[in-house]
Structure formats: C-alpha cells, structure tokens
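Architecture and fold: a report
Listed below, chain by chain, are the residues.
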Amino acid sequence: LRSLKLRSISAGYRASAAKRAALPSFKVVGQGQSGFDQLENLTTNTSSTAAPSFGIFLEMSFSIFDGHRNKAAYEAEIYAQEELTEEHKQTLLTAFGEVEDALSGGRQQSDLVIATKERNASIEREVKLVEMQYNEGIKDFLKVAAKNEDLIFARIELKSVELDLI
C-alpha cells in the first residue's frame with residue numbers, strides 16, 4: 001500500500017511538471033557593460049567617462065509548436081495518477097474484503113462449534129435415556145453400544161472442529 005501511495009504522489013509531481021512545461025516560462029536576465037565595449041575603448045584611444053551600464057530584462061519564452069505534445073504529456077500523467085489511485089482503492093477493497101471474509105469465516109466456524117456442542121449434548125441425553133431403558137429391560141445392550149459409539153464420534157467431530165478454529 002505504501003508503494004502505491006508513493007507512486008501516486010510521484011505521478012502527481014510528474015503531472016505538475018508536465019503542466020508547467022505547457023505554460024510560458026519567464027527568465028530575468030541581467031547584462032552589464034560588455035568586455036567587447038571596453039576593448040573597443042582601448043583600441044580607439046578614447047576614454048569613456050560614462051559610467052558602466054547595467055540592464056535587466058524580462059525574457060518570456062513559449063513553445064508554439066510543442067503545445068499539443070505538452071498537453072498530451074500532462075494528460076498522460078494525470079491518467080497515470082488516476083490509474084494508480086484506482087489501483088490503490090482496489091488494493092484497499094481487496095484487503096478489507098479478505099479481513100471481512102476472515103471474520104465471517106471465524107464466525108461461521110464458531111457457530112459450527114456451538115452447533116456441534118449442542119449435538120453432543122443431545123447425544124449424551126440420548127445415551128442416558130437408552131441406558132435407563134436398558135436398566136429397565138426395555139432396550140438391549142446393542143442399542144446402548146450404538147449410542148455410545150455415536151457419542152464418541154460426535155466428541156471426535158467436536159475436537160476436530162475446535163482444532164480447525166485454532
């Protein structure tokens with residue numbers, strides 16, 4: 001996520017640079033008395049009593065023929081930035097989806113543990129009932145053994161579900 005964020009910021013800076021390239025540029029230029037003027041004064045044996053001069057100029061340049069190229073570069077950088085932003089959103093949505101799935105999976109697993117415990121309690125009640133019926137002579141020993149076997153398998157299933165929860 002951090003790398004996507006940094007790439008998005010970088011695309012924003014590149015878009016700003018592309019936009020600046022499409023705008024006119026200004027430059028302040030200063031110029032003093034040139035060395036050529038001083039050399040000319042020496043060769044002509046004239047002495048100039050004029051004070052040295054200095055000029056300041058504002059220079060503006062605008063590329064007429066590069067306008068479409070600069071605009072296209074700017075639009076490409078904006079598109080790249082939007083693409084990275086969308087990729088960042090999708091990464092976040094995927095991460096949140098995985099967290100939600102994990103939480104709902106955990107909830108489903110805990111619901112399964114509760115249901116298995118309830119099933120075990122029900123089978124234990126059935127075992128007690130069959131044992132009482134066996135003691136009264138109503139049921140035979142095979143019914144008691146079958147119910148105890150069901151109880152053992154239910155307990156194994158419960159332990160398996162609890163281990164899956166961990």
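Residues numbered from 1 in each chain as written. Predicted model: local features only at pLDDT ≥ 70, side-chain atom pairs only at ≥ 80, totals over all residues. Heavy atoms only, no water.

Some points on the overall build of the chain
- Helix and strand counts for the chain come out as four helices and two strands.
- The linear arrangement of helices and strands in the chain, starting from the amino end, is α-β-α-β-α-α.
- Per-residue burial for the chain yields a buried fraction of 13% across its 166 residues.
- Accessible surface, the chain: about 13,200 Å² in total, of which carbon and sulfur atoms supply 59%. (Helix = DSSP H or I, 4+ residues; strand = E, 2+ residues; numbered from the N terminus. Buried < 20%, exposed > 50% of the residue type's maximum accessible area, 1.4 Å probe, protein only. Areas by Shrake-Rupley, 256 points an atom, 1.4 Å probe, with all protein chains shown as cover.)

Quick word on the pattern of salt bridges
- Under the counting rule described, the total for this entry stands at four salt bridges.
- The partner of Arg 155 in a salt bridge is Glu 124, and the shortest N-O contact between them spans 3.2 Å. You can see Arg 155 sitting in helix H4 (residues 141–165) and its partner Glu 124 sitting in helix H3 (residues 67–136), a full 31 residues away along the chain.
- Two residues, Glu 162 and Lys 159, come together in a salt bridge whose shortest N-O distance is 3.5 Å. Here Glu 162 and its partner Lys 159 are both found in helix H4, three residues apart, which amounts to about one turn of the helix.
- Relative accessible area serves as the criterion here: at 52%, Lys 159 is assigned to the exposed category. (Salt bridge = Lys/Arg side-chain N within 4 Å of Asp/Glu carboxyl O.)

Some remarks on the confidence of the model for the chain
- Here the chain averages 76 in pLDDT, while 70% of its residues score no lower than 70.
- When pLDDT is averaged over each helix and strand of the chain, the minimum, 54, is found for helix H2 (residues 35–43) and the maximum, 88, for H4. (pLDDT = per-residue confidence, 0-100.)

A word on the side chain of Thr 116
- Note on placement: Thr 116 falls in helix H3.
- Note on Thr 116: relative accessible area 5%, which makes it buried.
- The contact partners of Thr 116, leaving out residues within four places of it in the chain, are Ala 154, Glu 157, Leu 158 and Val 161. (Contact = heavy atoms within 4.5 Å.)

Thoughts on the environment of Ala 115
- The residue Ala 115 is located in helix H3 in this model.
- With a relative accessible area of 40%, Ala 115 lands in the partly exposed category.
- Sequence-wise, Ala 115 and Leu 158 are 43 residues apart; in three dimensions their C-alpha atoms are separated by 9.3 Å.

Some points on H4
- The end-to-end C-alpha separation of H4 is 36 Å, in line with the 36 Å expected for 25 residues at 1.5 Å each.
- Along H4, the residues classified as buried are Val 144, Leu 151, Ala 154, Leu 158 and Val 161. (Expected span 1.5 Å × (residues − 1).)

Focus: the side chain of Asn 120
- Within the element layout of this structure, Asn 120 appears in helix H3.
- Asn 120 sits in the buried class, given a relative accessible area of 6%.
- In contact with Asn 120, other than residues within four places in its own chain, are Leu 151, Ala 154, Arg 155 and Leu 158.

With respect to the environment of His 88
- Mapping His 88 onto the fold places it in helix H3.
- Since its relative accessible area comes to 22%, His 88 is described here as partly exposed.
- Considering only alpha carbons, one finds His 88 and Arg 7, 81 residues apart in sequence, at a separation of 9.9 Å.

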